[in-house]
Amino acid sequence: MTNRYKKAVIDDVVSDGIDEEEKSNLLDLFEYAMKSVATTLVREARFDTSDFATARQRNCEGFQLTLQRLRVDGRDAWQGRFSRADQQLTVVASLE
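Asker: Kindly report on helix α1 (residues 20–38), identifying the contributing residues and their values.
Answerer: Helical geometry: 3.6 residues make up each α-helical turn, so side chains three or four residues apart lie on a common side. Taking 1.5 Å as the rise per residue, α1 with 19 residues should run 27 Å; its terminal C-alpha atoms sit 26 Å apart, in good agreement. Among all positions in α1, only Glu22, Lys23, Asn25, Leu26, Leu27, Leu29, Phe30, Ala33, Met34, Lys35, Val37 and Ala38 are buried. At its buried positions, α1 is contacted by β1 (8–16), β2 (44–48), β3 (64–72), β4 (75–84) and β5 (87–95). Two or three places before Glu21, at the start of α1, stands the capping residue Asp19, its side-chain oxygen 3.1 Å from that residue's backbone nitrogen.

Rendered as structure tokens:
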């Protein structure tokens with residue numbers, strides 16, 4: 001099965017200065033970006049969340065997102081880091 005259709009499994013989330021609604025919206029953007037990049041050979045990707053079509057409606061504009069592919073226990077995992085001014089969110093997830 002291609003990575004785009006696999007289920008995202010969040011292993012860890014650490015946030016600073018982000019409320020629950022923002023966190024939920026950022027996690028949705030992370031899952032979309034992770035599935036998009038996972039189908040390629042890319043090991044690191046950078047995004048500005050303003051480029052996502054739904055960012056404005058979800059109050060997620062202006063975050064910088066860095067995605068990195070990691071090898072954890074012999075499988076691929078993804079670490080995403082969102083940052084905007086004093087706000088930070090770090091996510092580690094995999095696709096099953």
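Asker: So what's going on with the pattern of salt bridges? Which residues, and what values?
Answerer: This model, assessed by the stated rule, comprises 9 salt bridges. With a closest N to O distance of 3.9 Å, Arg75 and Asp11 form a salt bridge. With Arg75 in strand β4 and Asp11 in strand β1, the pair connects residues that are 64 residues apart, well separated along the chain. Classification of Arg75 by relative accessible area gives partly exposed; the value is 36%. The exposure class of Asp11 is partly exposed, given its relative accessible area of 42%. The partner of Glu31 in a salt bridge is Lys35, and the shortest N-O contact between them spans 3.2 Å. Note that Glu31 and Lys35 are positioned in helix α1 at a spacing of 4 residues, about one turn of the helix. Looking at Glu31, the relative accessible area reads 28%, which means it is partly exposed. One network of salt bridges, with partners in common, ties together Arg69, Arg71 and Asp76.

Asker: Any chance you could break down the nonpolar core for me, citing the residues and the numbers?
Answerer: With 23 residues, the main nonpolar core has Leu26, Phe30, Met34, Leu67, Trp78, Phe82 and Leu89 as its most contacted residues. At the level of secondary structure, the elements contributing two or more residues to this core comprise α1, β3, β4 and β5. Among the elements that take part in this core, α1 stands out by supplying 8 residues, more than any other. Ignoring sequence-local partners within four residues, the contact set of Trp78 consists of Phe30, Met34, Val37, Ala38, Val42, Leu67, Gln68, Arg69, Val91, Val92 and Ala93.

Thresholds applied
Residues numbered from 1 in each chain as written. Predicted model: local features only at pLDDT ≥ 70, side-chain atom pairs only at ≥ 80, totals over all residues. Heavy atoms only, no water. Helix = DSSP H or I, 4+ residues; strand = E, 2+ residues; numbered from the N terminus. Expected span 1.5 Å × (residues − 1). Buried < 20%, exposed > 50% of the residue type's maximum accessible area, 1.4 Å probe, protein only. Contact = heavy atoms within 4.5 Å. Polar contact = N/O pair within 3.5 Å; in protein donor to acceptor, adjacent residues only side chain to side chain. Salt bridge = Lys/Arg side-chain N within 4 Å of Asp/Glu carboxyl O. Core = buried A, V, L, I, M, F, W, Y, C linked by side-chain atoms within 4.5 Å.

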